[in-house]
Structure formats: structure tokens, C-alpha cells
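Now for the letters of each chain:
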Amino acid sequence: MSSLSSAAQLPLANGLRILAMDAVERSRSGHPGMPMGMADVATVLFTQFLKFDAASPDWADRDRFVLSAGHGSMLLYGLLHLTGYDSMTMEQIRNFRQLNSITPGHPEFGHTPGVECTTGPLGQGLAMAVGMALGERILNAEFGDSLVDHRTYVIAGDGCLMEGVSHEAISLAGHLGLSKLIVLWDDNQISIDGATSLSVSDDQIARFKASQWNAERIDGHNPTEIAAALTRAQSSNRPSLIACRTIIGKGSPNKGGTSATHGSPLGADEAAAVRQSLGWTAPPFEIPADILSVWREAGRRGSVQRNKWEEQLASADSTTRQNWKARHEAGVPTAVTAAINDYRQKLLESKPTEASRVSSQKALEVIAPQWAALVGGSADLTGSNNTKVAGQKTIAKGGYGGNYLYYGVREFGMAAAMNGLALHGGVVPYGGTFLVFSDYCRPAIRLAALMRLRVIFVLTHDSIGLGEDGPTHQPVEHLAALRAIPNLLVFRPADAEETLSAWEVALSQTETPTVLALSRQNLTFLPRITAAQNGTAKNGTDLGGYVVTEAKGGKRDLTLMASGSEVELAVKAQAELARVGIAAAVVSIPSFERFRAQSAEYRQAVLGSAPRIAIEAAIEQGWQEWEITEFIGMKGFGASAPAGDLFKFFGITVEAIVAAGQKLAKK
């Protein structure tokens, strides 16, 4: 940690203010107020405390900086430019919010080097930071301080703390004692509508303290107070909140301290007034050399630590180096692949009848012991989601060397924390809840897809088949809603082998999250045709859709298409239809997304040219893509009753499929 006087800090902070203001002004769009208000805090953090090397944005032991208040993105872009990140040129700053720039309206992970996570949906950055801080502790427990010893810093706004996910996140962080998590709250008392007093009167200091955090309030424009608070936070045995009382749009003589600076350019006249009030004479997009040199030195400061870290890794024993590499490789370990293949053969021989949530647990029992990076959990539904297996050790405060988390009833917080774990690196997270509660997780699932993360969401109790809990817990629209998210794989497996294969595909995805929609009720093991008959060496689940059993004689009168528990109904209906002379093929489509990715020729070969009946205990939306002739499924919400009674009541039965098939065959 280096130290600069308050007088020396001011021109650095003013350069950051002006850069943000000018970029927003040029783009005629953006949020100048937060960057101008938090410039002093960010300057102290980046020049004196943050461990990073601008020349190596992906250094594994760097401190993480999360701009949870993502609307203030020019604060982050300005910091990246000033500290010397190669890709963040002044031209990129000038092109703020323009097509094909790396300076989008809100920070995007994978798009801009130096951006740790995609933020903008308020509160999620803070919640992901909890996962990052936890990831640091998990890896530290295995590799020690010499290889893993960094902090996670967050700048959060009033909106972040108003969002409900913030409660879940700060509660979880306090419970786990994540002392290397430090949140800097931009306490400017302004939101878009005006003063925050219009809508909120929470005592945030008391709130955080109640969740086992250290919390204090400082003057966010006093570098000495900022540095002292950060020093205290670094030595805390709890996560820390530093409430930084700031003036939004600081430096703006006529708009500072008002909502007018929040989400709109200041305007040419006010921008000129800011320059005059700050004594800034340089033209737009020019930083005086003496100021820039100090910033660039801050960006180089961490190179010494990085070089030392690289030497420590290189000099570690071979087992440590091998384990480190295994933790951070993108591919699936060969031992995992071998265990999956061995278990698949056992399934093909034993043909178990069991719920797919049970099949999932049994798959994990062979996978988890072979992959240290795999970290599971559940939102207070471990026994129902079947997400914990023998040998998994619980992660707890002071004991981070485990691989299973009890997230509590915090579905959104869990999903966001899993994103943070994946972003941190060295962890492949999965977590469970009921499919119906994916509504609580959805914003984080969407960000996982947008950030292209390997995160696995185990969502059980996938239909009216869950039975007596009734329509509040029975998902009917959720499969369609999840299938609508780009870059998200949704699997609804029909038996134990499909479930194992879905896990295999999910684990192999390095740029795509996966949903596993699993049943509560037992599923009969399906008949199988060989890979050669499918025309490919891949299994059908990997392909997203395949022929389970072909029509007798090969010429189809009908194609019966289904997913999950309804594939079994289609197989039974096929036999009944054959008795009345109607030749039907049965097609399982466990994943629309994987099936869509196959060639048109393969899809046509699977679906055939005969009329198509789709069966799924959910709404029809989405099935039209496969040019179905008839749909048998849900038209509205479910009801409370035993599963068998519900399938009969809603007409999702073998008899209904046969009747529809006979009707179509006569046309």
C-alpha cells in the first residue's frame, strides 16, 4: 500500500471526474453523477489499496473490484484507462456507449478486460461479490496464503441496498464471516426520482451490523478518512461496510447534489462550469502528463506482487502445481469422464426406475469425488433437491475447505453467489431449488447466460408430478420461460441415463450455464436404440433429441414427442397405437437448445414427416418450433392432489395420446 497526501489525491480524482463527465457528454447518454461523486473513494482505493497489475488483468491472486452500481460505468472505464489497461484507450473512452466499443452503458464481463462481472441490474454485483469472496476462501483453504490471499471490493449505491437480493447477500456473507469482502456504499442520498428520503429510511449501518458486518460512516470526499476506513476494514474479522457520504455530481456547481446528475449528461454549459469550479484547464479527453504518470504508476505497482506470486507457483511442489492447474482448467477431468462412462454402462444394465432428482444425486456420487472444483449447495432444500452426496464436506465460517453450501432460503442470493464463484475461478458451482422458484433465481440465471458462465442450476419438482403441494409449487410456465433465455441450456431428462448425460453435457459447457429440470416422481428406464441406429456416436441427450423407439416397420403414421416424465407415456401410447394398426415413433427431446444446434438433416431424420404430437406437463409455448400438429399438456395452473390423479384430471394420459393419434391417423 502506497500513500499520497490529500492534496496529491485531488487532481487524480478530478481527472477521473472530468473523464467521466466528458465521455457522458460526448455520447449524450449516461450517468455522470455517481462517477463524479465516488471519484475520491475510487482514487484512494486504486492508488493505495487495490492489489492489481494493469498489465495482467487475469492474474489469479489480484483483488477483485466490483462496480455493483453499474450505471456509473464510466468510473470503472476511467480507472482502467488511467491505470494503463492496454485495451482501454482514450479512443474507447471517447466511444462510450457506442456500437463495437468496449465501453458499453453498463460493465460487461468478457467484453472489457478489467471488468470482473456484468453489472447494472442493481444489487447483483454485491451478491456476486459474495461468491467471489467465498471463492477466495475456498481456494485459500486448499492452497494457503502464498497462492491465494486477496480481497473483494465493491462500490454499491443506494439502489443496490434497496434491492431485495442485497439482504440475502449481506446475510450470507455475514453468516460465513467473509472478512475479505469490503463494500463501499455511495451514500449520496439521491435516486432517479429525487432524494432517497422519498422512498427509504433504513438505518443501513444498523442493518449491516445486525448481519454480523462491521459498519461505519465516513466523509467520502476526505482521502484521509477513506484510507483510514479501508485500513480498518482490511484488518477486520468480519465483512465490512464503509458508508461514504458523498455529493452526487461533485464539482457541478448548479446540479451537484441533485438527481439531475444521475442519469443525464450535464450539458455543455454545466460541463464548462465544472471545469471552472475544479480549475481544470485541459480540453476534453486529455489528461495532463503529471497526473497520468501517477495513475500509471498505480497500475504498475502490483507487478512486483504478481511476479512474486508467479515465482511462488512455479516453485511449489508438483502436487500443488498439478492441483492448481486442475482447479483452473476449463475442460472436464479425465477421471470424471471415465467415472461417467463406467456408471452409464451400469445404468444400461440395471435399468433403474427412479425419480430423476435421485438419478441426479447418484450421478453426483460418481462425479463429485473426482473433481475438487465442483462445489454444490441448495436453498434449504438439500433433501428434496438431492444435491448433497456422501463425502461432501460443509463449508462454514472458519472452515472453508469443503465443497457443499447450505444457502438457506435465499434462492436469488444463491444463484448470484454461484455466478460469483464461477467468475472467481477455480470453482464449478451447482445449486438446487424447486423449478417453480426459478422465478426467484431468474435475474441471476439471465446474467449467468449473458456472462457465459459454467453454472449448473438443479431445479427439481418439475411439474404437476410433484403432487399435493398444489399450484403454488407446480411449475407450468417455467420451462418455457427458461427456454426463452439465450445461451442457457435447459434439460428435462426422461430417465436415469438421460440425467447422467445431462450432467455430462452441463459440466462440459465452458461458456453456457445449464438448468437441470428434474422430477419428484419415479421415471421408468426407457428402451434404447444403438448409437449406430441414431447415425452418430454421440448419445441422444447430448444431441438434444433422438428417437427412443422407431415405428414398427420404419414407416411412421405419427411421431410422439415428449420430454421428462411424459416420454414414458409416449412409449406406452406407442404400444397401444400399434395394437390398432397405427405406427408411431417416440422421440425424446430433453433439450430444445441442443436439438436446435444439430443439422437440419439430423432434426428432420428424428422428427420425420408424419403428424407430430407433443406431450409435456407444462404449457405449449415453445413447442411450435418443432411444427407440432397437436399438443397434450397444461392449459393453466395445476391443483393439489396426488400426482396420478392430476395427470388424469388434466388429460395428460396414455389414453389422451392414443385418442389424439387415432384422430390424426384418420385424416
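Attention in this report is confined to the structure presented alongside it.

So, how was this worked out
- Residues numbered from 1 in each chain as written.
- Predicted model: local features only at pLDDT ≥ 70, side-chain atom pairs only at ≥ 80, totals over all residues.
- Heavy atoms only, no water.
- Helix = DSSP H or I, 4+ residues; strand = E, 2+ residues; numbered from the N terminus.
- Rg over C-alpha atoms; globule rule 2.2 N^0.38 Å.
- Buried < 20%, exposed > 50% of the residue type's maximum accessible area, 1.4 Å probe, protein only.
- Contact = heavy atoms within 4.5 Å.
- Areas by Shrake-Rupley, 256 points an atom, 1.4 Å probe, with all protein chains shown as cover.
- Lys, Arg positive; Asp, Glu negative; His and termini not counted.
- Charge placed at Lys NZ, Arg CZ, Asp CG, Glu CD.
- 1 Å grid on protein atoms, 1.4 Å probe; cavity = no way out; pocket = protein on both sides within 12 Å on 5 of 7 lines; lining within 4 Å.
- Points joined across faces, edges and corners; volume = space filled by probe spheres on them.
- Nonpolar A, V, L, I, M, F, W, Y, C, P; charged D, E, K, R; others polar.
- Expected span 1.5 Å × (residues − 1).
- Pairing = 2+ DSSP bridges.
- Axes fitted to C-alpha atoms, helices over the stretch in contact; angles between N-to-C directions.
- Salt bridge = Lys/Arg side-chain N within 4 Å of Asp/Glu carboxyl O.

## Some points on the overall build of the chain
Secondary structure assignment for the chain yields 27 helices and 20 strands. Taken over C-alpha atoms, the radius of gyration comes to 28 Å for the chain, in line with the 26 Å a tight globule of 667 residues would show. Referenced to the eigenvectors of the C-alpha coordinate spread, the extents of the chain come out at roughly 90 × 55 × 45 Å. Put simply, the chain has 667 residues, and 60% of those count as buried. A separation of at least 24 residues holds for 78% of the contacts in the chain among residues at least 6 apart in sequence. Total accessible area computed for the chain in this model is approximately 24700 Å², and 50% of it derives from carbon and sulfur atoms. Separation of charge centres in the chain, based on 60 positive and 66 negative side chains, amounts to 2 Å.

## Details of the layout of surface pockets
Unfilled space is identified by rolling a water-sized probe across the atoms. Estimated volume of the largest pocket: approximately 830 Å³. What lines the largest pocket is a set of 37 residues, among which F109, A422, L423, H424 and G425 lie closest to the centre. Mapped onto the lining of the largest pocket, the elements with two or more residues apiece are strand 1 (64-67), helix 3 (73-83), helix 13 (318-328) and helix 17 (411-424). Partitioned by chemical class, the residues of the lining of the largest pocket number 18 nonpolar, nine polar and ten charged.

## With respect to the environment of T43
Secondary-structure assignment places T43 in helix 2 (residues 33-49). Separated by 34 residues in the primary sequence, T43 and Q9 have C-alpha atoms spaced 7.1 Å apart. In this structure T43 touches Q9, L12, A13, L16, Q48 and W295, once residues within four positions along its chain are discounted.

## Thoughts on helix 5 (residues 124-143)
Between its terminal C-alpha atoms helix 5 stretches 28 Å, which fits the 28 Å expected from 20 residues at 1.5 Å a residue. Among the 20 residues that make up helix 5, 18 are buried, leaving the element largely enclosed by the rest of the structure. Just past helix 5, the residue G144 takes up positive phi, approximately 80°.

## A look at the sheet that holds strand 7 (residues 240-245)
Pairing within the open sheet is parallel, and its five strands lie in the order 1-2-3-7-6. Each edge of the sheet is formed by a strand with only one pairing partner; in this case those strands are strand 1 and strand 6 (214-219). The average undirected angle you get between the axes of adjacent strands in this sheet is 20°. Pairing of strand 1 with strand 2 (residues 152-157), which is carried by four bridges, proceeds in the parallel orientation. For V66, the partnering residue across the bridge sits in strand 2 and is V154. Relative to the sheet, helix 9 (residues 223-234) contacts strand 2, strand 3 (181-187), strand 6 and strand 7, its axis offset from that of strand 6 by approximately 170°.

## Concerning helix 23 (residues 566-579)
Note that an α-helix has 3.6 residues per turn; residues three or four places apart therefore point the same way. With 14 residues, helix 23 extends 20 Å between its outermost C-alpha atoms, agreeing within 8% with the 20 Å of an ideal straight helix rising 1.5 Å per residue. Positive phi appears at G581, one or two residues downstream of helix 23, with a value of about 85°.

## Topic: the pattern of salt bridges
Taken as a whole and assessed by the stated rule, the structure comprises 31 salt bridges. The partner of R232 in a salt bridge is E216, and the shortest N-O contact between them spans 2.6 Å. Taken together, the positions of R232 in helix 9 and E216 in strand 6 put the pair 16 residues apart, joining distant regions of the chain. Exposure remark for R232: the relative accessible area of 44% places this residue in the partly exposed category. Using a relative accessible area of 23% as the deciding quantity, one classes E216 as partly exposed. Residues D462 and R492 are paired through a salt bridge, measuring 2.9 Å at the closest nitrogen-oxygen approach. Of this pair, D462 sits in the loop between strand 12 (456-460) and helix 19 (478-483) while R492 sits in the loop between strand 13 (489-491) and helix 20 (496-508), and the two are 30 residues apart along the sequence. When sorted by exposure, D462 lands in the same class as R492, which is buried. Taken together, the shared-partner salt bridges in this structure form one network comprising R344, D495, E497, E504 and R528.

It is worth stressing that arrangement in space is one thing and function is another; only the former is reported here.
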